[in-house]
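Each chain is listed here by its residues.
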Amino acid sequence: MSADRLSVLKTYKLYVGGKFPRSESGRVYEVTDSKGDWLANAPLSSRKDARDAVVAARKAFGGWSGATAYNRGQILYRVAEMLEGRRDQFVSEVAEAEGLSKAKASVQVDATVDRWVWYAGWSDKVAQISGSANPVAGPFFNLSTPEPTGVVAVLAPQDSSFLGLVSVLAPAIVTGNTAVVVASEKSPLPALSLAEVLATSDVPGGVVNVLSGRTGEIAAPLAAHQDVNAIDLAGAGPELAKELEASAADNLKRVLRPRPADWSADPGTERLLAFLETKTVWHPMGA
């Protein structure tokens, strides 16, 4: 390689509605590694970017929630295949973001891909643990089935830029919800690179929308938005979470409160079930 060749620096962008716009404000902010060295400029999302992301998520909801559970599982498994193919890139980004050695970052990335596969496998099984045939006194079938809540705002964890991100995003979308993700403020690059994987997979545009910037600035309009049905506050601090929860009450959003989490531990099914509604149907039995 020529010694005087200039490097081609990567320009990170938002991911909204299957496209890669810059923030409408034109703003960016510096992303640094654990030592304070510059890594990249990331888009600094505005309130309008947040509103645009909600519009895109709502538009995609009908098609995604109406797809068969088996089809959603296939699509999400394809994402895992592509993550595996770009493993080296994610190892590098996670190592820089979290100050890890390449070996420890590799463990994190492998766990992230495995976590995505694990959630993808639940797509056609979750109804078996959250649905039921209810006993009733009469000649009726009474069946309860889970349905997605709608548009979910997801504040990604601040301290786990990739494994934590997938641990809160995957369970929201595998059940048929669409998502607006606010990436880790200090380490957004793995989330913005995940968006590139989603864009070149079979996930329809708008199912996942990724915003970067100041968590409080982006989360405030999402919590107050009348067309957002639920919000996961995993990446919010105590004071911000309290403010967002109050805003979310205005249209009775479901709120998943933040709490300390070991993202490498068995995730269980709590987040998988957090953004589901239960529909119960009565039907007369035949003679």
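Refer to the structure presented above.
If you're wondering where the values come from, they're calculated on a predicted model, not measured in any experiment.

## Side note on the packing of helix α3 (residues 87–98) against helix α7 (residues 189–199)
(1) Moving on: Where α3 meets α7, the closest approach of the two axes is 9 Å, and the angle between their N-to-C directions is 160°. Of the possible angle classes, the one that applies to α3 and α7 is roughly antiparallel. In terms of crossing hand, the pair formed by α3 and α7 is left-handed. Residues Q89, F90, E93 and V94 of α3 lie in contact with α7, whose contacting residues are L189, P190, S193, L194, E196 and V197.
(2) Moving on: Of the residues belonging to the contact of α3 with α7, the class tally is 6 nonpolar, 2 polar and 2 charged.

## Quick notes on the sheet that holds strand β4 (residues 140–148)
(1) Moving on: Pairing is antiparallel across the open sheet formed by 3 strands, whose spatial order is β3-β4-β10. Two strands close off the open sheet at either side, each with one partner strand: β3 (132–133) and β10 (276–284).

## Quick notes on unusual backbone geometry
(1) Moving on: Notably, L252 is not glycine yet its phi reads approximately 60°, a positive angle.
(2) Moving on: If you trace the backbone, L252 turns up in the loop between α9 (238–248) and β9 (254–256).
(3) Moving on: Judged by relative accessible area, L252 falls into the exposed class, the value being 74%.

## Description of the pairing of β4
(1) Moving on: Across 2 bridges, the pairing between β3 and β4 is antiparallel. Paired with A133 across the two strands is L143, which belongs to β4.
(2) Moving on: Between the antiparallel neighbours β3 and β4 lie 6 residues, among them G138 with a positive phi of about 160°.
(3) Moving on: Pairing of β4 with β10 involves 9 bridges; the strand directions are antiparallel. For S144, the partnering residue across the bridge sits in β10 and is T280.

## Looking at the nonpolar core
(1) Moving on: Residues L76, L83, W116, L169, I173, L198 and V208 are the most contacted members of the largest nonpolar core, which totals 62 residues.
(2) Moving on: With 9 residues, helix α6 (residues 163–174) is the largest single contributor of residues to this core.
(3) Moving on: Not counting chain neighbours up to four residues away, the residues in contact with I173 comprise W64, R72, L76, W116, A179, V207 and V208.
(4) Moving on: If you look at the next biggest cluster of nonpolar residues, it comprises 24 residues, including A56, L211, I218 and A219.

## Describing the pattern of salt bridges
(1) Moving on: A complete count under the given rule lists 14 salt bridges for this structure.
(2) Moving on: E277 is paired through a salt bridge with R254; the nearest N and O atoms lie 3.3 Å apart. Of the two residues, E277 is situated in strand β10 and R254 in strand β9; the sequence distance between them amounts to 23 residues.
(3) Moving on: The partly exposed category is assigned to E277, whose relative accessible area is 34%.
(4) Moving on: Taken together, the shared-partner salt bridges in this structure form one network comprising K10, R86 and E196.

## A few points about the pairing of strand β6 (residues 178–182)
(1) Moving on: Of all 5 residues in β6, 5 are buried, a share of seventy percent or more.
(2) Moving on: Here β6 shows two buried faces, one formed by T178, V180 and V182 and the other by A179 and V181.
(3) Moving on: Sheet topology note: the strand β5 (residues 151–155)/β6 ladder contains 5 bridges and is parallel. Its bridge partner lying in β6, V154 is registered against V181.
(4) Moving on: Both β6 and strand β7 (residues 208–211) contribute to a ladder of 4 bridges, which runs parallel. Across the sheet, residue V180 finds its bridge partner in β7, namely N209.
(5) Moving on: Once you follow β6 into α7 and on to β7, the crossover reads as right-handed.

Each value, and the rule that gives it
- Residues numbered from 1 in each chain as written.
- Predicted model: local features only at pLDDT ≥ 70, side-chain atom pairs only at ≥ 80, totals over all residues.
- Heavy atoms only, no water.
- Axes fitted to C-alpha atoms, helices over the stretch in contact; angles between N-to-C directions.
- Helix = DSSP H or I, 4+ residues; strand = E, 2+ residues; numbered from the N terminus.
- Parallel < 35°, antiparallel > 145°, perpendicular 65-115°, else oblique.
- Left-handed = near helix turned anticlockwise from the far one by under 90°.
- Contact = heavy atoms within 4.5 Å.
- Nonpolar A, V, L, I, M, F, W, Y, C, P; charged D, E, K, R; others polar.
- Pairing = 2+ DSSP bridges.
- Buried < 20%, exposed > 50% of the residue type's maximum accessible area, 1.4 Å probe, protein only.
- Core = buried A, V, L, I, M, F, W, Y, C linked by side-chain atoms within 4.5 Å.
- Salt bridge = Lys/Arg side-chain N within 4 Å of Asp/Glu carboxyl O.
- Right-handed = clockwise from strand over helix to strand, strands pointing away.

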